Amino acid sequence: MIEKRNPPAVHKPAGYSHVTISDAGRLAHLAGQCPLDLSGQVVGAPGDHAAQTDQVIANCLAVLDAAGAAPGDVVRSVVYVVSADSAVLAAVWRQLNASALAPAFTSASTLLGVASLGYRGQLVEVDLTAALRD
């Protein structure tokens with residue numbers, strides 16, 4: 001069971017929850033998923049946040065499935081976007097929340113604008129933790 005809470009003493013969040021509590025006995029800590037295709041190449045044209053976000057979504061769904069989890073089992077997410085522009089961060093957030101991965105972002109979530117990520121040309125990365133069912 002996953003319980004989500006938003007205490008009245010803090011602001012109302014935009015779609016995510018301030019607190020996510022899981023009584024699951026096991027957690028799956030998934031590596032940050034990058035916008036790499038099967039050949040290990042960063043997808044999309046330079047600066048294409050949308051194409052990279054699509055690939056990250058596909059990769060996240062694949063690794064969740066491999067762990068025996070679904071997006072609704074995610075208890076924590078961190079989204080990294082190479083940009084200081086809040087409009088770019090918001091666009092990536094909207095794209096994630098319009099995808100099959102959307103239930104993952106209703107739990108405790110953080111969205112960060114960062115200076116760079118690990119692969120040359122990489123613009124987006126998503127880090128997930130999921131509660132596994134018995």
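Once a new chain begins, its residue numbering starts again from 1 and follows that chain's sequence as written. Since the coordinates come from a predicted model, pLDDT governs what is reported: local features require at least 70, and pairs of side-chain atoms require 80 or more to be given and counted, while whole-chain, interface and lining totals use all residues. Only heavy atoms go into the side-chain values, all of them from the structure, while hydrogens and water stay out.

## Remarks on the environment of Leu61
Piece 1. Numbering of helices and strands runs from the N terminus; a helix is a DSSP stretch of H or I covering at least four residues, while a strand is a stretch of E covering at least two. Following the sequence through the fold, Leu61 ends up in helix α1 (residues 49–66).
Piece 2. A relative accessible area of 28% means that Leu61 is categorised as partly exposed.
Piece 3. In the structure, Leu61 is positioned 59 residues away from Arg120 in sequence and 23 Å away in space, judged by C-alpha atoms.
Piece 4. If near-sequence neighbours (up to four positions away) are discounted, Leu61 is found in contact with Pro71, Ala100 and Leu101. Each residue's exposure class comes from its accessible area (1.4 Å probe, protein chains only) as a fraction of the maximum for that residue type: buried when under 20%, exposed when over 50%, partly exposed otherwise. Contact between two residues is taken to exist if any of their heavy atoms lie within 4.5 Å; hydrogens are not considered.

## Some remarks on the nonpolar core
Piece 1. Leu64, Val79, Leu96, Leu101, Phe105, Val126 and Leu128 are the most contacted members of the largest nonpolar core, which totals 25 residues.
Piece 2. A total of 5 residues in this core trace back to one element, the largest contributor, which is strand β6 (residues 124–132).
Piece 3. Ignoring sequence-local partners within four residues, the contact set of Val79 consists of Val92, Trp93, Leu96, Phe105, Thr110, Leu111, Leu112, Glu125 and Val126. Throughout this description, the term nonpolar core refers to a set of buried Ala, Val, Leu, Ile, Met, Phe, Trp, Tyr and Cys residues connected via side-chain atoms within 4.5 Å.

## Brief notes about the side chain of Ser17
Piece 1. Secondary-structure assignment places Ser17 in the loop between β1 (2–5) and β2 (19–22).
Piece 2. With a relative accessible area of 7%, Ser17 lands in the buried category.
Piece 3. For this analysis, a polar contact is any N or O atom pair within 3.5 Å, provided that within protein one partner can donate a hydrogen and the other can accept it, and provided that sequence-adjacent residues contribute only side-chain to side-chain pairs. Here Thr106 takes part through its backbone oxygen, which lies 2.9 Å from a polar atom of the side chain of Ser17.
Piece 4. Non-local contacts of Ser17, meaning those with residues more than four positions away in its chain, are made with Lys4, Arg5, Asn6, Thr106, Ser107, Ala108 and Ser109.

## Here we look at the packing of aromatic side chains
Piece 1. For Phe, Tyr and Trp, rings pair up if their centres lie within 6.5 Å, where Trp contributes its six-membered ring, and each pair is then called stacked (planes under 30 degrees apart), edge-to-face (over 60) or tilted (otherwise). If you walk through the whole model with that rule in mind, you get 1 aromatic pair.
Piece 2. Centroid distance Trp93 to Phe105: 5.6 Å. Interplanar angle 65°. Geometry classified as edge-to-face. With Trp93 in helix α2 (residues 86–97) and Phe105 in the loop between α2 and β5 (108–114), this pair connects stretches of sequence that are 12 residues apart.

## Topic: the packing of α1 against α2
Think of two packed helices as two axes; the pair is described by the angle between the axes and how far apart they sit.
Piece 1. Orientation is described by axes fitted as lines to C-alpha atoms, over the contacting stretch for helices, and by angles from 0 to 180 degrees between their N-to-C directions. At a minimum axis distance of 10 Å, the contact between α1 and α2 shows a crossing angle of 35°. Once α1 is placed against α2, the crossing between them reads as right-handed. Residues His49, Ala50, Thr53, Asp54 and Ile57 of α1 form the contact with α2, whose participating residues are Val88, Val92, Gln95 and Leu96.
Piece 2. Grouping the constituent residues of the contact of α1 with α2 by class yields 5 nonpolar, 3 polar and 1 charged. Helix crossings get a hand from a simple test, with the near helix turned counterclockwise from the far one by less than a right angle marking a left-handed crossing and a clockwise turn marking a right-handed one. Charged residues are taken to be Asp, Glu, Lys and Arg, nonpolar residues to be Ala, Val, Leu, Ile, Met, Phe, Trp, Tyr, Cys and Pro, and polar residues to be all remaining types, Gly included.

## Notes on the sheet that holds β6
Note: strands within a sheet are paired through backbone hydrogen bonds, in either parallel or antiparallel orientation.
Piece 1. In this description, strands pair whenever DSSP reports at least two bridges between them. One open sheet holds the 4 strands; their spatial order is β3-β6-β4-β5, and the pairing between them is mixed. The open sheet has two edge strands with one neighbour each: β3 (26–29) and β5. Across the sheet, the mean angle from the axis of one strand to that of its neighbour is 10°, orientation sign disregarded.
Piece 2. Alignment of β3 against β6, held across 4 bridges, turns out to be antiparallel. Note that in β6 the partner of His29 across the bridge is Thr129.
Piece 3. Sheet contacts for α1: β4 (74–82) and β6; angle to β6, the most-contacted strand, approximately 20°.

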